[in-house]
Number of protein chains: 2
Amino acid sequence: MAEKKPNKLKARLPRGLADRGPAEIAATRAMVETIRAQFEKYGFEPVETPAIEYTDALGKFLPDQDRPNEGVFSFQDDDEQWLSLRYDLTAPLARYVAENYQHLALPYRSYRFGYVYRNEKPGPGRFRQFMQFDADTVGAPTMAADAEMCMLAADTMEALGIPRGQYVVKVNNRKVLDGVMDAADIAANKRLTVLRAIDKLDRLGVEGVRQLLGTGRKDESGDFTKGAELTPDVADFIITNSGGDEGFAGKRKDGGVEIFPQTAGKAALTSDVLEAGKKELAEIEKLCREAGYGPDRIRKDNSVVRGLEYYTGPVYEVELLIETKDEKGRPVRFGSVGGGGRYDGLVSRFRGEPVPATGFSIGVSRLQAALTLIGKLDAKPPAGPVLVTVFGPDSVPQAQKLTATLRGAGIRAEMYLGNPKRGVGDQLKYADKRHAPCAVIQGPDEKVKGEVQIRDLIAGAAPSGAAEREEHLKKQAAAQTAVKETELVAAVRAVLQEHGLA
Amino acid sequence: MAEKKPNKLKARLPRGLADRGPAEIAATRAMVETIRAQFEKYGFEPVETPAIEYTDALGKFLPDQDRPNEGVFSFQDDDEQWLSLRYDLTAPLARYVAENYQHLALPYRSYRFGYVYRNEKPGPGRFRQFMQFDADTVGAPTMAADAEMCMLAADTMEALGIPRGQYVVKVNNRKVLDGVMDAADIAANKRLTVLRAIDKLDRLGVEGVRQLLGTGRKDESGDFTKGAELTPDVADFIITNSGGDEGFAGKRKDGGVEIFPQTAGKAALTSDVLEAGKKELAEIEKLCREAGYGPDRIRKDNSVVRGLEYYTGPVYEVELLIETKDEKGRPVRFGSVGGGGRYDGLVSRFRGEPVPATGFSIGVSRLQAALTLIGKLDAKPPAGPVLVTVFGPDSVPQAQKLTATLRGAGIRAEMYLGNPKRGVGDQLKYADKRHAPCAVIQGPDEKVKGEVQIRDLIAGAAPSGAAEREEHLKKQAAAQTAVKETELVAAVRAVLQEHGLA
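Remember, it's a predicted structure, so these values are computed and weren't measured experimentally.

**Q** Hey, could you run me through the overall build of chain A in this one?
**A** A tally of regular secondary structure across chain A gives 15 helices and 20 strands. Split into buried and exposed, the 502 residues of chain A put 54% on the buried side. Relative to all contacts within chain A whose residues are 6 or more apart in sequence, the contacts with residues 24 or more apart total 68%. Roughly 22,200 Å² of accessible area belongs to chain A as shown, and the carbon and sulfur atoms make up 50% of that amount.

Structure below.
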């Protein structure tokens, strides 16, 4: 590092952001097309909103402090108004629907995908920019809309190649949790903290949740998360009752089927809002069963909470049940790769009239990481372009012409654009790095004869073991053929066809 | 407006940002796929960088003022470092290449597309978020790389359906302009202002450029743009000479072929840098001609400048020559829809060694607006999903099942998700708004018989004139047929096939 100039700029990305190469991009494209086809089959139509919105429209303004929530990236416009990068695709949709309400066919069913931004602490698999793919139905008051979202989630997982039994859509209802919090008399400003604590049961276990409901919790890295400051007996009441009928404490069964066994300490608890939540859950269950979606695909699960504050009724989550191992052989469970719920209040904020809505969001980036790890996505880069070599600066116009001829015939091709004085050996090394299937070589001798050499770089690739050396020499001799310049396209196409590339 | 509650949030987008509907999204997808295919044929491979970068990596930090340039959206990270939204796709690529230099096959040929953000005054057709599609070759020192960019630009325009003769790729060289500014002894900190002034010749004419070279210019809206503060005789020298051989003043010929007629007041001007620029231009011209690209597609044009400061050699611009009229019948010229150039210094900033590079960028959003206006892009929304109607809440599970059956057969379908107590008439109005090709109706009578009604909404659409009334009544009777529930899929598919939708 000693030779570095002190003034040289450092090339680096801010934390929690990542570049993506050809294989990753191709995999995302394939996923997005599959999801799009599925969402369209369900009758959703596309809409797109920009990445920047007014902070107040996103509901991320802290009115008492006159500045935006720290979890979103924010900046002031030249008229001093606060702008933020969208942190999800739901809040912008609510703004869009409110702004275009008169022109939309209601219920309005739309889908959209794109990057969202969170100004949060990045970690393994946690990024500050990631892709979501959402479907929403606005103006649909009944549980049929929520049931449909669950079916859509299940069908989309299977369309993406995840076999039945290796995923599950889990459904709960915020009203059940609201009923418990009502009974425990939890103050409004503590409720989101309580919900987020319960949401972490999967990751932290009952003891971790108890800490987050109480004074707070320090994680392995030493970072401290503030708790909801409930007294121990209130925290206990929440833990015992938040599972609705079955309670929340007790052992979880792996695979998640029987999560809430009866517990002795359960309080007798009932309320109108809790009963309404239970009724809605039963309705969704009935609709799914009648449409042919069994409990192996969609089922009630009282541990589902979702961390966002705007949900008002059913909440649902897609969980991958596949277990795999990471590079170090440690078991990996993917957990939630998508979710959503009903948000009847989000559009109303703009319109002053009730506008029921429900939506589902797939975490494309997270799901892609999971599918790659289990080998469901091809991570191999595709074959490179045909390389046309050059013999010094004077040969360039002719080489450019050969390249243009190949491209004109629809063949992926490039001329060597490094220093044209480099030898053919160097150029072929470059071709190799680029995964070029073949090279076109025209030295002065060939030029005079009106010929080109076509070198098959796949057949002629160097063998990995010395044992195959003789075989390789034979192959190499066969792998280069001279043809008339007029037969360039046909000869290159023949090589591509031989390797299944054309 | 009197009934509005004072506290109600306003649903609105910040200036210069826009939402996009189904037709626009479909058109962008088609364009992006066409451009991608073309860029891949040229041997470029995809790469993607995030929307957020360190401000200094983008070169948008004002070191003397310790804050970012006002033209980019910027915010501070929690460690106080400045971050910015990318304002183009070139600066992030330079950072990417510098960061991954050891692992890339050089010359590195890549393409990428995505939104970029500019914190500038929005206007008609000028947005603060818009899409670009770029190709770049890094590590390529010769004019062959620049010539290839021009050919790529020309081929891409034709692939997008713009006929030969209706676009042109215009090429100039910054060294020519640098030679003139050297001769006029223009200070380094004024050069970008001078270049941007010359760049506006197209829009403002010679007098406008003269004002921008001098004290400044007030536009129609009253906004004032500060000038380069050159004395009148220096401004005159620039105007007379910046066209290289032919000078810049004098009448422009429409279509842009002969832009720089000889002028009497021209100074005798020559310098090494100017001569180098002219030699490079001649090389590009030769390579293009030998590869079969004539002056109707790619040609020298001394008025091309490009407004970005990082260009060091050839600069090129794609201009649409199509003239059309706007909604008010006024003639519209689209002008530049893409451009680029050589930026040999951009990667070097990070590496302390020369890294030659050249790139080309298509303004997708602007090109899309142009293609839509001349009718080259389909702006019609596609057909909607089949609507399954409901008869009150109790019918919903059965209707959901019919919908699932259609979807299972690959047919785009939705169940009515508004209030299930609404009459069928209201539901059919909704189907109409959604452009549904047909509706599936199963009332209590049909249910008992195990039947469904299939109503063809295209054949049965209400006539616009009263004269076709009788015809319409006949059609309507024929447009609804009862079939057994087991034949639902076949019957719906028949209707779709009849209208060319399956």
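The rest of the description comes next.
**Q** Just to check I follow, could you spell out the relation of the copies chain B and chain A for this structure?
**A** Here the two chain copies are tied together by a rotation about an axis and a shift along that axis. Each copy of the sequence occupies a distinct position, and chain B is placed on chain A by a rotation of 180° and an axial shift of 0.0 Å, giving an RMSD of 0.1 Å. Seen this way, the second copy is the image of the first under a two-fold rotation axis. Every residue of chain B has its C-alpha some distance from the rotation axis, and the shortest such distance is that of phenylalanine 75 of chain B, at 2.9 Å. Here 100% of the interface residues in chain B have copies in chain A that are interface residues too; the copies meet face to matching face.

**Q** What am I meant to see in the environment of threonine 156 of chain B here?
**A** All names here are of chain B. Tracing the backbone through its elements, the reader meets threonine 156 in helix α3 (residues 143-159). A C-alpha to C-alpha distance of 8.0 Å links threonine 156 and phenylalanine 39, two positions 117 residues apart in sequence. Each residue touching threonine 156, except ones within four places of it in the same chain, is listed here: Ile35, Gln38, Phe39 and Ile362.

**Q** I tried to follow the sheet that holds strand β17 (residues 413-415) of chain A on my own but got confused; where do I start?
**A** Working definition: the strands of a sheet are paired by backbone hydrogen bonds and lie parallel or antiparallel to each other. Residue and element names in this part refer to chain A. An order of β17-β16-β18-β19-β20 is seen for the 5 strands of this open sheet, with the pairing classed as mixed. Edge strands, defined here as strands with exactly one partner in the open sheet, are β17 and β20 (480-484). Looking at each pair of strands side by side, their axes are set apart by 25° on average, direction ignored. In the sheet, strand β16 (residues 386-388) pairs with strand β18 (residues 438-441) via 2 bridges, with the strands oriented parallel. Bridged to valine 388 within β18 is valine 440. Contacts between helix α11 (residues 396-408) and the sheet are confined to β16, β17, β18 and β19 (451-456), with β17 contributing the most and set at about 175° to the helix.

**Q** What is the right way to look at the pairing of strand β8 (residues 129-138) of chain A in this model?
**A** For a regular strand, the rule is simple: side chains alternate between the two faces of the sheet. All names here are of chain A. For β8, a buried count of 10 out of 10 residues is recorded, marking the element as mostly surrounded by other parts of the structure. Neither face of β8 is left uncovered, since the one carrying Gln129, Met131, Phe133, Ala135 and Thr137 and the one carrying Phe130, Gln132, Asp134, Asp136 and Val138 both have all their residues buried. Here strand β7 (residues 108-117) runs beside β8; their pairing, made up of 10 bridges, is antiparallel. If you follow tyrosine 115 over to β8, its bridge partner there is methionine 131. Here β8 pairs with strand β15 (residues 357-363) via 7 bridges, running antiparallel. Paired with glutamine 132 across the two strands is glycine 363, which belongs to β15.

**Q** In this structure, what is going on with the packing of aromatic side chains? I would like to understand it.
**A** Note on aromatic pairs: each is described by the distance of the centres and the angle between the planes. Evaluation of the coordinates by the stated rule reveals 21 aromatic pairs over all chains. A centroid spacing of 5.0 Å and a plane angle of 15° characterise the contact between phenylalanine 113 of chain A and phenylalanine 133 of chain A, whose relative ring orientation is stacked. With phenylalanine 113 of chain A in strand β7 and phenylalanine 133 of chain A in strand β8, this pair connects stretches of sequence that are 20 residues apart. Overall, the relative accessible area of 31% leaves phenylalanine 113 of chain A in the partly exposed class. On the numbers, 6.0 Å between centres and 65° between planes, the contact of tyrosine 310 of chain B with tyrosine 343 of chain B is edge-to-face. Placement of the pair is tyrosine 310 of chain B in the loop between β12 (298-300) and β13 (314-325) and tyrosine 343 of chain B in the loop between β14 (331-342) and α9 (348-351), with a sequence separation of 33 residues. The ring of tyrosine 54 of chain A carries arginine 12 of chain B above its face, with NZ or CZ at 3.8 Å from the centroid.

**Q** Is there a simple way to explain the environment of arginine 15 of chain A in this structure?
**A** If you trace the backbone, arginine 15 of chain A turns up in the segment before α1 (22-41). Looking at arginine 15 of chain A, the relative accessible area reads 38%, which means it is partly exposed. Residue contacts for arginine 15 of chain A: discarding those within four places in its chain leaves Pro122 and Arg128 of chain A together with Asp77 and Asp78 of chain B.

**Q** I would appreciate a short explanation of the confidence of the model for chain A in the present structure.
**A** Close reading of the predicted structure is inappropriate where its pLDDT is low. Residues and elements named next belong to chain A. Confidence in the prediction of chain A, expressed as mean pLDDT, is 86, and 89% of residues score 70 or more. Residue range residues 1-6 is modelled with pLDDT below 50. Its contacts to residues more than four positions away, or to other chains, number 1 contact. Taken together, the stretch residues 244-268 has pLDDT below 50 and engages in 47 contacts with residues farther than four places along the chain or on a different chain.

**Q** Any chance you could explain the packing of helix α4 (residues 174-183) of chain B against helix α5 (residues 191-199) of chain B here in plain terms?
**A** Helix-helix packing: each pair is described by the crossing angle between the helix axes and the interaxial distance. Residue and element names in this part refer to chain B. Remark: α4 packs on α5, axes separated minimally by 12 Å, with the N-to-C direction vectors making an angle of 120°. With respect to α5, the element α4 is oriented oblique. Once α4 is placed against α5, the crossing between them reads as right-handed. Between α4 and α5, the residues in contact are Arg174, Leu177, Asp178, Met181 and Asp182 and Arg191, Val194, Leu195 and Ile198, respectively.

**Q** So what exactly am I meant to see when it comes to the packing of α11 of chain A against helix α8 (residues 272-290) of chain B here?
**A** Close contact between α11 of chain A and α8 of chain B brings their axes to 8 Å; oriented N to C, the two are set at 45°. Judged on the interaxial angle alone, α8 of chain B and α11 of chain A are oblique. Handedness of the α11 of chain A/α8 of chain B crossing: right-handed. Here Val396, Pro397, Gln400 and Lys401 of chain A of α11 of chain A come into contact with α8 of chain B, specifically with Lys286, Leu287 and Glu290 of chain B. Here the contact of α11 of chain A with α8 of chain B is built from residues that sort into 3 nonpolar, 1 polar and 3 charged.

About the thresholds
- Residues numbered from 1 in each chain as written.
- Chains lettered and ligands numbered in written order.
- Predicted model: local features only at pLDDT ≥ 70, side-chain atom pairs only at ≥ 80, totals over all residues.
- Heavy atoms only, no water.
- Helix = DSSP H or I, 4+ residues; strand = E, 2+ residues; numbered from the N terminus.
- Buried < 20%, exposed > 50% of the residue type's maximum accessible area, 1.4 Å probe, protein only.
- Contact = heavy atoms within 4.5 Å.
- Areas by Shrake-Rupley, 256 points an atom, 1.4 Å probe, with all protein chains shown as cover.
- Least-squares fit on C-alpha atoms with pLDDT ≥ 70 in both.
- Pairing = 2+ DSSP bridges.
- Axes fitted to C-alpha atoms, helices over the stretch in contact; angles between N-to-C directions.
- Phe/Tyr/Trp six-rings, centres within 6.5 Å; stacked < 30°, edge-to-face > 60°.
- Lys NZ or Arg CZ within 6 Å of the ring centre and 35° of its normal.
- pLDDT = per-residue confidence, 0-100.
- Parallel < 35°, antiparallel > 145°, perpendicular 65-115°, else oblique.
- Left-handed = near helix turned anticlockwise from the far one by under 90°.
- Nonpolar A, V, L, I, M, F, W, Y, C, P; charged D, E, K, R; others polar.

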